Each structure stands twice: as structure tokens, then as C-alpha cells.
Amino acid sequence: MKTRIRHTIYLSPAVFLLLIWIVVAPSLISQHSPFVVVGLAAASALVATWCITLFAHAIQRDKQ
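Peer 1: What's the story with the side chain of H7 in this structure? I'm lost.
Peer 2: Its location among the elements puts H7 in helix α1 (residues 2-31). The residues contacting H7, other than those within four sequence positions of it, are F55, A58, I59 and D62.

In C-alpha cells form, the structure reads like this:
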């Protein structure tokens, strides 16, 4: 149970960022320049990738 909670903590920021982009993207595009939107998208993609990598590493580590 402890490992399942840890895996959830590793993956939840990536899911949260995805949901934030779904909700905020339409208004963000109308309020900011395309360069700002692309920069924010790249930064959030890097954070989400890092979280998913942590999650995958934790699963691989716990299998052994």
C-alpha cells in the first residue's frame, strides 16, 4: 500500500498539469503571445516528463 501511494504521488503532478492545460489553454492563448504559450507548454511538458520518468523508475525499482 505504501508503494502505491508513492507511485500516485509521483504521477499526480503530470496528470494535474494535463488537466490544467485542458482548462486554461483557450484563455491563455487569447491573453498571451504565442511565444509565451509555447514556452509555458514546453516547461510544463518537461515537468510532466520528469514526473512520468520518476513514476516509471519507481515501478521498475519495486519490481525487483
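Peer 1: Would you mind showing me how to read α1 here?
Peer 2: Counting along an α-helix, one turn takes 3.6 residues, and residues three or four places apart therefore face a common direction. Under the 1.5 Å per step criterion, the end-to-end length of α1 is 43 Å for 30 residues, consistent within 8% with the ideal 44 Å. For α1, the principal kink sits at V24 and spans about 55°; a proline, P26, occurs within the next four residues. Restricting attention to buried positions, one finds in α1 the residues H7, A14, A25 and L28. Looking at the buried positions of α1, the neighbouring elements they touch are α2 (34-63).

What counts, and where the lines are drawn
- Residues numbered from 1 in each chain as written.
- Predicted model: local features only at pLDDT ≥ 70, side-chain atom pairs only at ≥ 80, totals over all residues.
- Heavy atoms only, no water.
- Helix = DSSP H or I, 4+ residues; strand = E, 2+ residues; numbered from the N terminus.
- Contact = heavy atoms within 4.5 Å.
- Expected span 1.5 Å × (residues − 1).
- Bend = angle between axes of the 7 residues up to and from the residue.
- Buried < 20%, exposed > 50% of the residue type's maximum accessible area, 1.4 Å probe, protein only.

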